[in-house]
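Summary of structural features
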Amino acid sequence: MIRSTTIVRLNDKLPLAASTDDSQDQGDLAKYTAEEKEIIRKLNETSEPRASIESGPYNHHYLIANGVIYITICEKSYPRKLAFTYLDELDREFINSYGHRIGQPDLRPFAFINFDNFIQKTKRVYEDSRTSVNLDKLNSELQDVTRVMTKNIEDLLYRGDSLDRMTNLSSSLRAESSKYRKAAKQINFDAMIRQYAPVVGASLIFVFLVYWIFLR
């Protein structure tokens, strides 16, 4: 289930619109909305464009597009693929409705609060992941989440992990570099075996013949 959604301008973190699930007690969300603010604070132009941050019974999913952050808190069991399809749908409608105004310097906080109507309507569509419409979305290839970065909230907030795209790219490159170094060593070892195996084999045969003929 989608519990809350927030839309924020990327460059100055100005809140543009928000929506929460009014049908349930929001007291249990207080900790996670505070985490959400910290996540938003860490995001910038070099951050991964989409990521999932795991936190206890909930996941934070965010999308950065068109200079806007779309972030949602979902129950851990809610499919990640649906969460990002939901955020993509919000982005399309939000840009279509307010894209020409997002960059205005004199915008007030929650200037587009009326967008909550669309958020609520879209949340109802995505509410039950088992409906035929949502099962079709899950089975489609439109949203590949296998490459979406996943972090743990503890690592992100308290152990200095980054959502920066270049940092993660660097880590990926280091991992790839290590993998290729190991592969290169294996190739060199195999080449050495191929080069010297005939010589070693011939030497062993010669020693065996000498033993057999002269020393036996």
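Use the structure listed above.
Description of the structure in this document. None of the values given here were measured: they were computed from a predicted structure.

Digging into the pairing of strand 1 (residues 2–9)
Two faces make up the sheet, and in a regular strand the side chains alternate between them. Burial analysis of strand 1 places eight of its eight residues in the buried class, which makes it a mostly covered element. As paired elements, strand 1 and strand 5 (residues 68–75) share seven bridges and run antiparallel to each other. Bridging across to strand 5, threonine 5 finds its partner in threonine 72. Of the strand pairs in this sheet, strand 1 and strand 2 (residues 15–20) are connected by five bridges, and their pairing is antiparallel. Among the inter-strand pairings, threonine 6 is bridged to a residue of strand 2, identified as alanine 18. Between strand 1 and strand 2, which follow one another and run antiparallel, lie five residues, and lysine 13 among them has a positive phi close to 60°.

Comments concerning the packing of aromatic side chains
Tallied over the full model, the rule gives nine aromatic pairs. Between tyrosine 98 and phenylalanine 115, the ring centres sit 6.1 Å apart and the planes meet at 80°, which makes this aromatic pair edge-to-face. Residue tyrosine 98 is found in helix 2 (residues 80–98), and its partner phenylalanine 115 is found in the loop between helix 2 and helix 3 (116–126); the two are separated by 17 residues along the sequence. Grouping residues by exposure puts tyrosine 98 and phenylalanine 115 together as buried. Aromatic rings pair up to connect Tyr70, Phe94, Tyr98, Phe112, Phe115 and Phe118 into one cluster.

Some points on the nonpolar core
Counting residues in each nonpolar core, the largest one holds 27 residues, and the members touching the most others are Ile7, Tyr70, Leu90, Phe94 and Phe115. A per-element tally of this core places helix 2 first, with eight residues. Ignoring any residue separated from it by four or fewer positions in sequence, one finds leucine 90 in contact with Thr5, Tyr70, Phe115, Phe118, Ile119 and Thr122.

Side note on the pattern of salt bridges
Summed over the entire model, instances satisfying the criterion amount to three salt bridges. A salt bridge links arginine 50 to aspartate 88, with the shortest nitrogen-to-oxygen separation between them at 3.3 Å. In this pair, arginine 50 is assigned in strand 3 (residues 50–55) and aspartate 88 in helix 2, connecting sequence segments 38 residues apart. Just as arginine 50 is buried, aspartate 88 falls in that class too.

Thresholds applied
Residues numbered from 1 in each chain as written. Predicted model: local features only at pLDDT ≥ 70, side-chain atom pairs only at ≥ 80, totals over all residues. Heavy atoms only, no water. Buried < 20%, exposed > 50% of the residue type's maximum accessible area, 1.4 Å probe, protein only. Helix = DSSP H or I, 4+ residues; strand = E, 2+ residues; numbered from the N terminus. Pairing = 2+ DSSP bridges. Phe/Tyr/Trp six-rings, centres within 6.5 Å; stacked < 30°, edge-to-face > 60°. Core = buried A, V, L, I, M, F, W, Y, C linked by side-chain atoms within 4.5 Å. Contact = heavy atoms within 4.5 Å. Salt bridge = Lys/Arg side-chain N within 4 Å of Asp/Glu carboxyl O.

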